[in-house]
Amino acid sequence: MSTTPGGPEFLDTTGPADAAPTNDNRKRLTVLGALGATAVVVAGGAWAATSFFSTGSQPAEALPDSTVAYFSIDLDPSGGQKIEAIKTLRKFPGFTDKINLQTDDDLRERLFEEITKSGACEGLDYAKDVKPWLGSRAAMAAVDLGEDQPAAVGVVQVTDSAKAEDGMGKLIDTCGGEGADGEVGGWVVDGDWMVISETKEIATKVVDAADKGSLADDSGFGTWTGEAGDDGFMSFYVAKGVTKYAEDLGGMGALMGDMSGMGTDPMADEQVPEELQQMLDEFDGAAATVRFDDGAVEVEYAMSNYQKDLTKYMESDEGVSMIGGLPDDTVAAFGLSLTDGWGDAMLDYVKSLAPEDADSIDEQLAQFEDETGLAFPEDIETLLGDGMTVSLGSGIDPDAIANGGPGEVPVGITIKGDAGEIQAVLDKIAAQVPPEAAEYMKVSEGDGYAVVALQDDYRGKLESGGDLGDTDDYKKVVESGDAQSVLYVNFDADDNWLVRVTEDMPEVSENLEPLSAFGISSWVDGDVMHGQLKLTTD
């Protein structure tokens with residue numbers, strides 16, 4: 001079977017249940033992605049971004065608890081997030097020019113128009129043939145039915161089961177083309193849902209399995225979607241059971257190839273390295289949610305902490321606290337903390353990936369230390385201190401940078417550590433690099449931090465510090481209460497710096513202008529790794 005990320009592209013109930021789809025059949029039903037927005041919903045990402053994930057029945061109810069991967073979306077034409085999404089997207093000229101979506105539009109109809117505008121389904125009428133049965137919610141899933149590979153399944157909400165059967169038949173007849181025959185997929189209408197797969201036999205197995213235990217009632221699904229936070233307009237879930245299909249790289253390659261439509265398995269004969277197998281064994285699940293709120297789009301995710309031996313060295317908020325003390329006009333910054341011992345742990349991890357090369361790695365490190373005078377990992381731990389930030393300040397001048405070199409870039413590093421010890425390590429590095437690079441490896445002392453900067457003016461700003469963490473833009477995009485590492489970008493800073501540096505490309509510049517700030521916050525909480533990405537607009 002060939003699929004797209006949005007869903008099966010061949011659907012029918014005619015012909016024997018085990019008949020393979022022919023090329024003609026595949027071609028004639030490419031449009032079946034229109035089947036309630038399953039196939040095109042992901043391919044048309046802009047459309048997905050205008051939906052609202054409301055409460056009520058969800059596609060997880062129609063899928064069995066053996067589902068190993070799940071993506072759902074809601075095209076409900078009402079709801080606060082739908083309005084927020086469209087209002088936000090309409091700030092971008094490129095979106096408005098190409099789509100011009102209004103807050104009161106029927107998203108299903110607009111999507112249907114996009115899919116059928118090529119004329120492939122001439123004679124099919126949305127109001128008469130589709131709207132009477134098509135619901136708002138849809139999902140794609142990979143379901144474990146006990147076979148070598150999971151079954152690719154689509155689920156579409158229906159508002160009238162009888163009309164859905166007739167409507168699907170009309171969809172196939174109208175969009176099918178000349179001379180196509182045989183089975184092109186199958187579906188089963190069960191209550192409020194249509195379950196779609198490669199054959200009707202597979203769809204029936206999915207429905208029967210869901211009757212015995214649904215994904216919606218599965219404890220793992222509830223746990224991980226709960227960890228991913230409040231509902232949004234799109235949801236993703238990966239179950240622990242997905243690792244069954246990655247017992248060897250061939251299995252994982254086949255799974256990814258099948259789900260992407262490639263149908264190939266480039267790593268079919270490879271075996272999973274021992275370290276990767278351990279990660280698979282410890283993986284317990286993951287989920288993510290996408291939301292719109294007050295002119296911002298937010299992605300929150302949670303996943304199994306399958307690398308506890310490494311993540312335990314990241315459970316400090318010192319680096320995030322340091323970002324909060326950067327100058328208020330900071331353009332971009334990244335901060336994290338690594339606690340004592342992380343260097344040895346990382347070295348042990350690298351060796352575990354290829355145990356047969358461990359002695360060789362030690363020999364190469366010893367040679368490196370003899371040639372440079374650097375001690376690894378001790379000197380690297382010193383350089384990163386108890387916490388560090390890398391930041392870009394205001395005063396970005398592309399012409400000055402092009403003509404004047406690195407010294408014109410307002411970039412610097414602050415380190416929570418002993419300035420003298422850090423300088424000693426940098427002196428060892430400076431001895432190995434050209435003089436023009438070595439001149440930038442000078443450490444000064446700021447307000448409790450060691451400072452390294454390319455530009456003297458910016459060095460002074462870093463030494464004085466500021467209150468970036470108290471600014472509105474920062475607080476809107478950073479989850480500072482939990483975060484242990486943060487990436488922050490302020491698009492409005494430095495006189496709309498991103499718009500300025502792209503002013504020679506007006507179409508690009510005008511679509512960047514609505515951007516306000518962006519943040520990625522991540523943290524570890526016991527068995528769970530959390531993350532949040534947030535983008536705000538003016």
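Let me sum up the structure you'll find in this document. The structure displayed is predicted, hence computed values, not measured ones.

### Concerning the overall build of the protein
When you go through the protein residue by residue, the secondary structure sums to 24 helices and 18 strands. Across the 538 residues that make up the protein, the buried fraction comes to 50%. Sequence separation of at least 24 residues holds for 71% of the intrachain contacts in the protein that already meet a minimum separation of 6. Of the roughly 24,300 Å² of accessible surface on the protein, a fraction of 50% belongs to carbon and sulfur atoms.

### Some words on helix α10 (residues 219-227)
The N-cap of α10, judged by a side-chain oxygen 3.2 Å from the amide nitrogen of G220 a few residues on, is D218. Of the residues trailing α10, G229 is marked for its positive phi of about 90 degrees.

### Here's the deal with a nonpolar patch on the surface
A surface patch of nonpolar side chains, about 200 Å² in accessible area, is lined by F334, V390 and L487. When you line up the elements, V390 lands in strand β12 (residues 388-392).

### Observations regarding unusual backbone geometry
Backbone torsion omega between F376 and P377 reads 10 degrees, so that peptide bond is classified as cis. On the secondary structure map, P377 appears in the loop between α16 (358-372) and α17 (378-384). The backbone phi angle of D294 is positive, close to 50 degrees, even though this residue is not glycine. One can find D294 in the loop between β9 (285-293) and β10 (296-304). Using a relative accessible area of 65% as the deciding quantity, one classes D294 as exposed. The phi dihedral of D495 falls on the positive side, at around 55 degrees, and the residue is not glycine. Along the chain, D495 turns up in helix α23 (residues 493-501).

### Digging into the side chain of R291
Tracing the sequence through the fold places R291 in strand β9. Separated by 2.3 Å, the side chain of R291 and the backbone oxygen of D230 make a polar contact. Within the structure, the side chain of R291 is placed 2.4 Å from the side chain of E300, a separation counted as a polar contact.

### Overview of the nonpolar core
As a rule of thumb, nonpolar side chains are buried together in soluble globular proteins. Core analysis: the biggest nonpolar cluster contains 25 residues, and L63, Y70, V153, V155, V195, L215 and Y237 have the highest contact counts within it. At the level of secondary structure, the elements contributing two or more residues to this core comprise β4 (134-143), β5 (151-158), β7 (193-197), α9 (200-212), α10 and β8 (234-239). Within the second largest apolar cluster, 20 residues are counted, among which are W342, L383, I422 and V452.

### Regarding the side chain of D494
The topology assignment puts D494 in helix α23. Contacts of D494, omitting those with residues within four sequence positions, involve V331, S394, G395, I396 and R500.

### Some remarks on the packing of helix α15 (residues 342-353) against α16
Close contact between α15 and α16 brings their axes to 9 Å; oriented N to C, the two are set at 135 degrees. Considered as vectors, α15 and α16 are oriented oblique to each other. Taking contact as the criterion, the partners of L347, V350 and K351 in α15 are, on α16, A358, I361, D362 and L365. Taken together, the residues of the contact of α15 with α16 sort by class into 5 nonpolar, no polar and 2 charged.

### Details of a negative patch on the surface
A cluster of acidic side chains, namely D97, E507, E510, E513 and D538, defines a negative patch on the protein surface. Among the structural elements, E513 can be located in the loop between α24 (506-512) and β17 (515-525).

### Section: the environment of P410
Relative to the helices and strands, P410 is located in the loop between α18 (398-404) and β13 (411-415). Sequence separation between P410 and L392 is 18 residues, and the spatial gap between their C-alpha atoms is 5.7 Å. With sequence-adjacent residues up to four places away left out, P410 is seen in contact with S391, L392, G393, S394, G395, I396, Q455 and Y458.

### Describing the pattern of salt bridges
Enumeration according to the criterion identifies 11 salt bridges in this entry. Taking the shortest distance from any N to any O, the salt bridge between R291 and E298 comes out at 2.6 Å. In terms of burial, R291 and E298 fall into one category: buried. D494 is the partner of R500 in a salt bridge, and the nearest nitrogen-oxygen pair spans 3.0 Å. Note on R500: relative accessible area 23%, which makes it partly exposed. A single network of salt bridges, built from pairs that share partners, joins R291, E298, E300 and K534.

Calculation rules
Residues numbered from 1 in each chain as written. Predicted model: local features only at pLDDT ≥ 70, side-chain atom pairs only at ≥ 80, totals over all residues. Heavy atoms only, no water. Helix = DSSP H or I, 4+ residues; strand = E, 2+ residues; numbered from the N terminus. Buried < 20%, exposed > 50% of the residue type's maximum accessible area, 1.4 Å probe, protein only. Contact = heavy atoms within 4.5 Å. Areas by Shrake-Rupley, 256 points an atom, 1.4 Å probe, with all protein chains shown as cover. Polar contact = N/O pair within 3.5 Å; in protein donor to acceptor, adjacent residues only side chain to side chain. Patch = residues over 30% accessible without salt bridge, like charges linked within 9 Å, V, L, I, M, F, W, Y side chains within 5 Å. Salt bridge = Lys/Arg side-chain N within 4 Å of Asp/Glu carboxyl O. Core = buried A, V, L, I, M, F, W, Y, C linked by side-chain atoms within 4.5 Å. Axes fitted to C-alpha atoms, helices over the stretch in contact; angles between N-to-C directions. Parallel < 35°, antiparallel > 145°, perpendicular 65-115°, else oblique. Nonpolar A, V, L, I, M, F, W, Y, C, P; charged D, E, K, R; others polar. Lys, Arg positive; Asp, Glu negative; His and termini not counted. Charge placed at Lys NZ, Arg CZ, Asp CG, Glu CD.

Coordinates in, geometry out; function isn't part of it.
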